[in-house]
Amino acid sequence: MLKETLLNATEAGAAVLQHYFNSKNLQISHKEGINNLVTEADHASEKAILESIRASFPDHYILSEETGEIIMDSEYKWIIDPIDGTINFAHGIPICCVSIGLEKNGEMILGAVYNPFLKEFYVAEKGKGATLNSDQIHVSTESEVLKSCLVTGFPYTYLNQPNGPLEAFGRFIRAGIPVRRLGSAAMDLCWVAAGRFDGFYEHKLQAWDSAAGFLIVEEAGGKVTDFKGNYYSPHQPQIVATNGKIHNELLKWINDQQ
C-alpha cells in the first residue's frame, strides 16, 4: 500500500508537469534569494501529490518544498519535491522531475523520481534494489576520479566560504575532469544510480532535493555520505554520491586533500 501510494502520487505530480510544460502563460513568482523560482505548476503538482498521499494516509507526517511541514504524530514522513529543477522547467528544459521519498522512523525506505519528458521513472525500495522503468539498474564500475564523469550543482545563494563550490569545481576543471551541471539534484542522483555519472557532489541541498535520489543510488549499489564520509542524512546540506569505487578518492578531491 505504501509503494502503491508512492507510485500513484509521483504519477499524479508528473501529469501536472506535463500539463504546464512549455505553457506560454505559466505564472512564475520568486521566493527568497535571486532565481529562487516557484511556478503555478509547482503548487499544482504539490496539491495533486498531497491529495494522493492523504487519501490513503491522512495521518502521515509530510515535508514538502512549497507547503513546508505538515506535522503529524507518525512514524512515517513523506519528503516531497513537486518539481526538482524548477528553473529548467520554467525555461522549457526537460531536465526536471517529481521526487518523493518516504522515511520510517528516520530511515528512508522508499523513493521515486519521475521525469515524464524523458520517460524515466526511477524507484527504489530499501533492501530490494533500484529500477528504471521496472528494469534493475546499477552504478558504474569506474575506479579512478581522473577517468570519471562527474556532476554537481551550485546554490543560488552562493556560499562564500573556504573551499566553497567554485574552489572544488576549479580543482576538477584544472585537472581536465569532466563535471556537468544539469540543474536537478534528483536527476543527478538517478543518473549516478544508472551508471551514467560516476559521482555527484553538492555543497547545499534541502531534504526534498535528495531524499528519494540518495536511496536510489544506494539501492543501485552506490555509496552516499556527507563531505566527511559520514552516513548520509537528507536533513543536512552536503552530499557525495558515487559508484562506491571512487568515493574515498572523490572525498579527498572535494576536501582539497588529494
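Provided above is the structure to which this section pertains.
Here, residues in each chain are numbered from 1, in the same order as that chain's written sequence. With pLDDT at 70 or above as the cut-off, local features in this predicted model cover only qualifying residues; side-chain atom pairs require 80 or more to be listed or tallied, and sums for whole chains, interfaces and linings still use all residues. Where side-chain values are given, they derive from all heavy atoms of the structure, hydrogens and water being excluded.

> Summarise helix α6 (residues 207-219); cite the residues concerned and give the values.
Numbering of helices and strands starts at the N terminus; helices are DSSP runs of H or I of at least 4 residues and strands are runs of E of at least 2. The span one expects for a helix is its residue count, reduced by one, times 1.5 Å. Spanning 13 residues, α6 covers 18 Å between terminal C-alpha atoms, matching the ideal 18 Å at 1.5 Å per step. Counted residue by residue, α6 has 13 buried out of 13 residues, so it is predominantly covered. Once α6 ends, the next one or two residues include glycine 221, with phi positive near 100°. Remark: exposure states derive from per-residue accessible area (1.4 Å probe, protein chains only) relative to the maximum for the residue type, with buried under 20%, exposed over 50%, and partly exposed in between.

> Explain the state of the cysteines residue by residue, including any values.
The term disulfide is used for any two cysteine sulfur atoms that are within 2.5 Å. All chains considered together, the criterion is met by 0 disulfides. Unpaired in terms of disulfides, cysteine 97 finds its nearest cysteine sulfur in cysteine 190, a separation of 6.7 Å.

> Can you lay out unusual backbone geometry for me, pointing to particular residues and giving the numbers?
Backbone geometry places lysine 119, a non-glycine residue, at a positive phi of 55°. With respect to the element layout, lysine 119 can be found in the loop between β7 (107-115) and β8 (120-125).

> Give a detailed account of the sheet that holds strand β15 (residues 239-242), specifying residues and quantitative values.
As summarised here, the arrangement of the 5 strands in space is β12-β11-β13-β15-β14, forming an open sheet in which the pairing is mixed. Each of the sheet's edge strands pairs with one partner strand only, and the pair in question is β12 (179-180) and β14 (223-225). Residues count as neighbours in contact if any of their non-hydrogen atoms are within 4.5 Å of one another. Where helices are involved, their axes are fitted lines through C-alpha atoms of the stretch in contact, as for all axes, and angles between N-to-C directions lie from 0 to 180°. Lying over the sheet, helix α7 (residues 247-254) contacts β11 (150-152), β13 (199-202), β14 and β15, oriented at roughly 145° with respect to β15. Strand pairing follows a simple DSSP-based rule, namely that at least 2 bridges must link the two strands.

> Would you mind going over the nonpolar core in detail, with residue names and values included?
The biggest cluster of nonpolar side chains holds 38 residues, and the ones touching the most others in it are Val113, Tyr122, Ile137, Phe200 and Ile216. Those elements that provide at least two residues to this core are β7, β8, β9 (130-132), α5 (185-193), α6 and β15. What isoleucine 137 contacts, discounting residues up to four positions off in sequence, is Tyr122, Ala130, Thr131, Leu132, Ala193, Ala194, Ile216 and Ala220. Only buried Ala, Val, Leu, Ile, Met, Phe, Trp, Tyr and Cys residues count toward a nonpolar core, and they belong to the same one when joined by side-chain atoms within 4.5 Å. With 32 residues, the next largest nonpolar core counts Ala14, Ile53, Val98 and Tyr114 among its residues.

> Tell me about the pattern of salt bridges, and name the residues and values.
One speaks of a salt bridge when a side-chain nitrogen belonging to Lys or Arg is within 4 Å of a carboxyl oxygen belonging to Asp or Glu. In the structure shown here, the tally under the stated rule is 7 salt bridges. Salt-bridge contacts for lysine 147 lead to glutamate 144; the nearest nitrogen and oxygen are separated by 3.4 Å. A residue is classified by how much of its surface remains accessible, and lysine 147, at 54% relative accessible area, is exposed. Put simply, aspartate 256 and arginine 171 hold a salt bridge, and the shortest N to O gap is 3.8 Å. Of this pair, aspartate 256 sits in the segment after α7 while arginine 171 sits in helix α4 (residues 165-174), and the two are 85 residues apart along the sequence. Look at aspartate 256 and you get partly exposed, because its relative accessible area is 47%. Overlapping salt bridges, with partners in common, bring together Lys3, Glu125 and Lys128 in one network.

> So what about the sheet that holds β8? Which residues, and what values?
Taking strand neighbours across the sheet as the criterion, the 8 strands line up as β4-β3-β5-β6-β7-β8-β9-β10 in an open arrangement whose pairing is mixed. Of all the strands in the sheet, the pair left with one neighbour each is β4 (68-70) and β10 (135-136). Bridging between strand β6 (residues 97-104) and β7 involves 7 bridges; their strand directions are antiparallel. Paired with lysine 104 across the bridge in β7 is glutamate 107. The sheet contacts of helix α1 (residues 2-20) involve β5 (76-84), β6, β7 and β8, and relative to β7 the element is tilted by about 30°. The strands touched by helix α2 (residues 40-56) within the sheet are β3 (61-64), β4, β5 and β6, with β5 carrying the most contacts at an inclination of about 155°.

That is the geometry; function is a separate question.
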